[in-house]
Amino acid sequence: MARNKQRDRAAAAASVVETVDGGLAELIPDRERPRAWTLLIDGAPQSHVDLDDPAHLSFEYQRRLGHIADLVAPPNKPLQVVHLGGGAFTLARYVAATRPRSTQQIVELDGALVQLVRRELPLDPGARVRVRSLDARAGLAKIQDGWADLVVADVFSGARTPAHLTSTEFLAEVRRVLRPGGFYAANLADGPPLTHLRGQIATAAAVFPELALTADPTVLRGRRFGNAVLLASDRELPVAELTRRVATDPHPGRVEHGRALADFAGGAAPVTDASAKPSPVPPASVFR
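Residues numbered from 1 in each chain as written. Predicted model: local features only at pLDDT ≥ 70, side-chain atom pairs only at ≥ 80, totals over all residues. Heavy atoms only, no water.

Okay, the layout of surface pockets next. Of the volumes computed, that of the second largest pocket is approximately 280 Å³. Forming the walls of the second largest pocket are 19 residues, and the residues nearest its centre are Pro54, Ala96, Leu123, Asp124 and Ala127. For the lining of the second largest pocket, the secondary-structure elements that each account for two or more residues are helix H3 (90-98) and strand E7 (128-132). Element by element, the count of residues in the lining of the second largest pocket is highest for H3, at four residues. Looking at the lining of the second largest pocket residue by residue, the classes come out as 10 nonpolar, three polar and six charged. (1 Å grid on protein atoms, 1.4 Å probe; cavity = no way out; pocket = protein on both sides within 12 Å on 5 of 7 lines; lining within 4 Å. Points joined across faces, edges and corners; volume = space filled by probe spheres on them. Helix = DSSP H or I, 4+ residues; strand = E, 2+ residues; numbered from the N terminus. Nonpolar A, V, L, I, M, F, W, Y, C, P; charged D, E, K, R; others polar.)

A pair of packed helices is characterised by two quantities: the angle between their axes and the separation of those axes. Interaxial distance between helix H2 (residues 60-71) and H3 falls to 10 Å at its minimum, and their mutual angle equals 35 degrees. The element H2 and its partner H3 pack so that their crossing is right-handed. The segment H2 lies against H3, with Gln62, Leu65, Gly66, Ala69 and Asp70 engaging Thr90, Leu91, Tyr94 and Val95. For the contact of H2 with H3, a count of residues per class yields five nonpolar, three polar and one charged. (Axes fitted to C-alpha atoms, helices over the stretch in contact; angles between N-to-C directions. Left-handed = near helix turned anticlockwise from the far one by under 90°. Contact = heavy atoms within 4.5 Å.)

We now examine the environment of Leu40. Looking at the secondary structure, you find Leu40 in strand E3 (residues 36-41). Between the C-alpha atoms of Leu40 and Ala88, which are 48 residues apart in sequence, the distance is 9.8 Å. In contact with Leu40, other than residues within four places in its own chain, are Leu24, Ala25, Glu26, Ile28, Pro45 and Gln46.

At the junction of Pro192 and Pro193, the peptide bond is cis and its omega measures out at 10 degrees in the coordinates. Locating Pro193 in the fold gives a position in the loop between strand E9 (178-190) and helix H7 (195-205). Positioned with a positive phi, Phe89 is a non-glycine residue whose angle comes to about 65 degrees. Checked against the element boundaries, Phe89 lands in the loop between strand E5 (80-84) and H3.

Here we come to the pairing of E3. Of all six residues that make up E3, six are buried, and the element is covered over most of its length. By the alternation rule, side chains of E3 split into Ala36, Thr38 and Leu40 and Trp37, Leu39 and Ile41, which are all buried. Judged from the five bridges that link them, strand E2 (residues 23-29) and E3 form a sheet pairing that is antiparallel. In the sheet register, Ile28 faces E3, and the bridge partner there is Thr38. Adjacent in sequence and paired antiparallel, E2 and E3 are bridged by six residues. What sits between the antiparallel neighbours E3 and strand E4 (residues 44-50) is a turn of two residues, in which Asp42 has the positive phi angle 50 degrees. (Buried < 20%, exposed > 50% of the residue type's maximum accessible area, 1.4 Å probe, protein only. Pairing = 2+ DSSP bridges.)

This is a description of form; function is not addressed.
Quick look at the structure:
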């Protein structure tokens, strides 16, 4: 017990706490990995980064996004990736490590957070990663047509996805930026009765012909609040391989697509800019 208390005090002493535009940012050292950190904003876990092993993805939803990055093109092929939402640049580090010579753009509104992450968790100098401190939708508008192999949306403000990043108009901009055959992947958060998640499936279906959704089965059954990753494209998706990878994760998940996914959406209407709302507030118990 005394040893645990000493370790807790040492961890607290090594933590970095700083006010950023989006709230109170904390970088908490990982007790199991010497140069790994968890980023929290106002107590909500945002990202996990291992500076010694950037290909290590700890968070469940980040592993799902990593699988998608692996499957968007043949192994080792460099990608052009847009990350809407930066966090601690976890997925950009993953792509740089697993696909050298990739070119990436991060769009992160919180300039103070960008400065904190650059200072405390510096990127590999050889990584081709550009960071823009802009609103995600404004930053997307600056990217040329057909530039990206992959667009990842992982944007939260106060633990909620902003309303203007949930609409068909937003996804039309995403599709403009994607090359033919490119992937769009979004980290979504919802809980019972899953109204937001169903609406986002319907919204993506109005813009993209091919969809898949992966999440913990208890989230999909509406038993708890959690993350789901939505994948969309204009080409057939590698559903079988994604299913295999998700099923063998440390925290196994399920993949829905086709008729099962349409049934899950349950006739929800697509969201437009006029009707858009932020994602729901997570219950306090999620972060305990």
